[in-house]
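Structural characterization, general
Take a look at the letters that make up each chain.
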Amino acid sequence: MCVDLIIGNDGAFSSVRQQMMKDTLLNYEQTYIPHGYMELYIPPNSSGQFNMDVNYLHIWPRNEFMMIALPNQDKSFTATLFMPFDIFNGISTGEEAMVFFREKFQDSIPLIGEEAIKETFRKNKALPMVSIKCSPYHFGGKTVIMGDAAHAMVPFYGQGMNAGFEDCIVFNDKLNEFNNDFDAALKAYTEYRKPDAQAINDLAMYNYIEMRKSVNSKMFLLRKKLDNFLYKLFPNSWIPLYTMVSFSRTRYHECIKRREWQDQMLTKSLNVGCVVLAMSFVVFGRHMLMKQGSFLMNLTEDLTGNFKSMFGGWVQQ
């Protein structure tokens, strides 16, 4: 069979990519994170409505692990427990699962149901999550890979499918730019797309830490509020990282650069603020010392005068 172009959209364990690795110098990196996931079901309530507020991502952050819940169209929620395999492997019975949930996710038990939790742990095993980076994404002018075949990522930024669709947009742009010259367009596609695909892989890894741990930090929450405040003041120049990634066409690697710039600006502003505050304390302290010094001098003079008037005659004798 003779074809003009092979497009490999065949997933994380892509057969097209495996064949490319035999035929070209393709760099490949595969990482299984030490955490797995297990899905649980939260049914609608007795009135057939959602059991929780629907317009939110519900997170139970527990530092080392977490559970999240997302709504479905049938008024149910899919809850997903992300946790180290070591902890999953330590739960071998339904009763052990309940001991764990009573300790870590007590408020979720009425939502999921005790029997449902036991049955889920009896019947299912935690599934792995893989992150894949590779390059180039093309072979000559005949083959190109996209989506998970090129950049499978962990699910914590919710950008896997979006990144795949964006691959199609970028590829189409390059075909138009090079007038459907596959050799030139595929090469340009790899060069343009690689920094963004690898950036979203890294962002997805980072967001897992943010979701399960950072959200428990008061300083992190303060930073979030500050980001949103500055975004309202300067909507065109100060955009929070999550907003840039999820709700704009800003390139992923540019999102990281802008966040780094924001961090630098906040650090400099904080340093300047600390210096100004320290100088204010110095000036205020000096002013108070001068006032106290004047007060002490006057007090000493008054006491000396009183002493002389009371005992001056005795001293002269």
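Attention in this report is confined to the structure presented alongside it. (Residues numbered from 1 in each chain as written. Predicted model: local features only at pLDDT ≥ 70, side-chain atom pairs only at ≥ 80, totals over all residues. Heavy atoms only, no water.)

**Side note on the pattern of salt bridges**
Heads up, the condition is: Any Lys or Arg side-chain nitrogen located within 4 Å of an Asp or Glu carboxyl oxygen qualifies as a salt bridge. Helix numbers and strand numbers start at the N terminus; a helix is a DSSP run of H or I with at least 4 residues, a strand a run of E with at least 2. In this scheme, a residue with accessible area under 20% of its type's maximum is buried, one over 50% is exposed, and one in between is partly exposed, where area comes from a 1.4 Å probe on protein chains only.
For the coordinates displayed, the defined rule picks out 18 salt bridges. Its salt-bridge partner being Arg249, residue Glu166 comes within 2.9 Å of it at the nearest N-O pair. With Glu166 in helix H7 (residues 160-177) and Arg249 in the loop between helix H10 (241-247) and helix H11 (252-316), the pair connects residues that are 83 residues apart, well separated along the chain. A residue is classified by how much of its surface remains accessible, and Glu166, at 10% relative accessible area, is buried. Arg249 sits in the exposed class, given a relative accessible area of 52%. One salt bridge in this structure joins Arg259 and Asp263, with 3.3 Å as the shortest N-O distance.

**Considerations on the packing of aromatic side chains**
What characterises a pair of aromatic rings is the spacing of the ring centres plus the angle enclosed by the ring planes. What counts here: Aromatic rings from Phe, Tyr and Trp, taking only the six-membered ring of Trp, are treated as a pair when their centres fall within 6.5 Å; an angle between ring planes under 30 degrees marks them as stacked, one over 60 as edge-to-face, and anything in between as tilted. Comment: the charge-over-ring label is applied if NZ (Lys) or CZ (Arg) is within 6 Å of the ring centre and within 35 degrees of the ring normal.
Applying the stated criterion to the full structure yields 16 aromatic pairs. Geometrically, the ring pair formed by Phe50 and Phe77 is edge-to-face, given 5.5 Å between the ring centres and 70° between the ring planes. Taken together, the residues Phe50 in the loop between strand S2 (27-42) and strand S3 (58-61) and Phe77 in strand S5 (residues 77-84) connect sequence positions 27 residues apart. Taken together, Phe65, Phe100, Phe101, Phe105 and Phe121 form an aromatic cluster joined through their ring pairs. Directly above the aromatic system of Tyr208 lies the positively charged group of Arg212, at a separation of 4.7 Å from the ring centroid. Geometry around Tyr192 places Arg251 over its ring, the cationic atom sitting 3.7 Å from the centre.

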